[in-house]
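# Per-entry structural report
What follows is the residue order along each chain.
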Amino acid sequence: MTAPDTDHGVEAPCCTEGAALTRRGLLQGIGGGLAATTMFGSTALGVLGGPAYAAPTLPGALPAAAGTPQNVVVVLSLSGGADMLSLVVPHGDPGYYRARSSIAVPRGALWAQDGFFGLHPALRPLQPWWETRRLAVVTGTGLPVPNRSHFAALEELEDAGPGDALRAGWLNRALGAVAGEDPQQGVHVGSGMLPTALAGPTPTLAVAELDATELNGPMGSHRRDRAAALRRMWGGTQGPLGDSARKALTVAADLRPVVGSPYAPSNGARYPATDLGDALKDAARLIRSGSGVRAITVDHGSWDMHAYLGDVDDPRDRSMRTMATGLAQGLAAFCTDLGSLLGSHVTVVTVSEFGRRVVENGSGGLDHGWGSAMLLLGAGVRGGRYLGRWPGLDAASLREGDLAVTTDYRSVLAEVVTRRLGVSSAAAFPGFTPQGVGAVV
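Residues numbered from 1 in each chain as written. Predicted model: local features only at pLDDT ≥ 70, side-chain atom pairs only at ≥ 80, totals over all residues. Heavy atoms only, no water.

## Some words on the packing of aromatic side chains
Across all of its chains, the model carries eight aromatic pairs by this definition. Note on Phe429 and Phe432: the rings are 6.5 Å apart at their centroids and 75° apart in plane angle, and the pair reads as edge-to-face. Each of the two residues, Phe429 as well as Phe432, counts as buried. Each residue in the set Phe116, Phe117, Trp130, Tyr386 and Trp390 is aromatic and connected to the rest through ring pairs, giving one cluster. (Phe/Tyr/Trp six-rings, centres within 6.5 Å; stacked < 30°, edge-to-face > 60°. Buried < 20%, exposed > 50% of the residue type's maximum accessible area, 1.4 Å probe, protein only.)

Here you go:
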């Protein structure tokens, strides 16, 4: 399952498919094209061309959002198939330590322990939110049937509408039920490629960097003239292209106060200097700006650890400890930055396309599996507890060597969108009847 590393003569930690697991690679992998909602991103919105046009970083803070903040859902995708048995350790199940002779997390290193579960020590930056009951875990989650292909599983996870001829994601359908035509109600940050979850008929937006999101072309004194020319050019054009161009102009105007304003994280928050840290800072900035955003997606990967997963002290790049540390530091900074907004209006939920095999392989890693777990953090979360029905790790409970799924991941997401966005489960997940999870109120 591992790809050869020709530079060093050793196996790379991820598989060949996982090495190509980018949003662009996913679209190529499934044979699809760019979603219609991203077309305007390449026709009128783009990354500023060079240093002469770079948005300045200025001291100070964004003005407070006007009016009552709206609830916001943040979906954090742990791309590559995260091993949640390493992050949420079932120390009370003897099958865990039997299966992982070299990579198991010792019980003594865990925190947030109850009689059965505990969290990886590298997640300890999240302890304040566990202790204040803002962080919860649902175990035994996943797709309804195993799918061990990165591309196919991620597409299935984010589409969540089996049998639907239209390529539209569950979050796009949820936003369509909220109403509104502003693309900035649903934003992917950290990449210009729109994820399937946000793709569909409801206008949404993908931005690689918030500060680098602007109308393409000369800026400065030419900005107003160029915007006016584009409005004249596209104002009377019918069809999807004209509609997309007009939306792009609206987005550029709406985001200008955010892009052109300085941002300083609040409450002493310090984001890590990583892609995840940058993306979560942009997410917090959008939320605090009052831009009207209701849903944000962020990718964090790769968690595809076929080899060298490492023990709890392994400092190597892309070891489980390093990845978990980056995840926890990024989320902790985001939560600190949002302050009381996190408890009142912002809910974070993690997803991953699949879990990993229960038994470690001969390379000290884990191959593609099935069952996983989901983290929930923030407003409405019944935190400080482990939820879900544990499937067990004894031989009779495993499914072809994998952790079984006892909670369809859509049941967790359905609670999030119904309780936090006021959207019916049927709107986001047509044809699916969710089971009660009790993770969100």
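## Details of unusual backbone geometry
Note the cis peptide between Gly301 and Ser302, where omega equals 10°. For Ser302, the position within the fold is in the loop between strand S11 (295-301) and helix H12 (320-338). Residues other than glycine seldom take positive phi values, yet Arg133 does so here, at roughly 60°. Position of Arg133 relative to the elements: it lies in the loop between helix H6 (127-131) and strand S7 (135-142). Despite not being glycine, Ala160 has its phi angle at roughly 55°, a positive value. Here Ala160 is to be found in the loop between helix H7 (150-159) and helix H8 (170-178). (Helix = DSSP H or I, 4+ residues; strand = E, 2+ residues; numbered from the N terminus.)

## Some points on the packing of helix H11 (residues 275-289) against H12
Look at H11 against H12: their axes get within 9 Å of each other, and the N-to-C directions meet at 20°. Relative to H12, H11 is oriented roughly parallel. Pair H11 / H12 crosses with right-handed handedness. Only Gly326, Leu327, Gly330, Leu331, Phe334, Asp337 and Leu338 of H12 make contact with H11, whose side of the interface consists of Leu276, Leu280, Ala283, Ala284, Ile287 and Arg288. For the contact of H11 with H12, the residue count by class is nine nonpolar, two polar and two charged. (Axes fitted to C-alpha atoms, helices over the stretch in contact; angles between N-to-C directions. Parallel < 35°, antiparallel > 145°, perpendicular 65-115°, else oblique. Left-handed = near helix turned anticlockwise from the far one by under 90°. Contact = heavy atoms within 4.5 Å. Nonpolar A, V, L, I, M, F, W, Y, C, P; charged D, E, K, R; others polar.)

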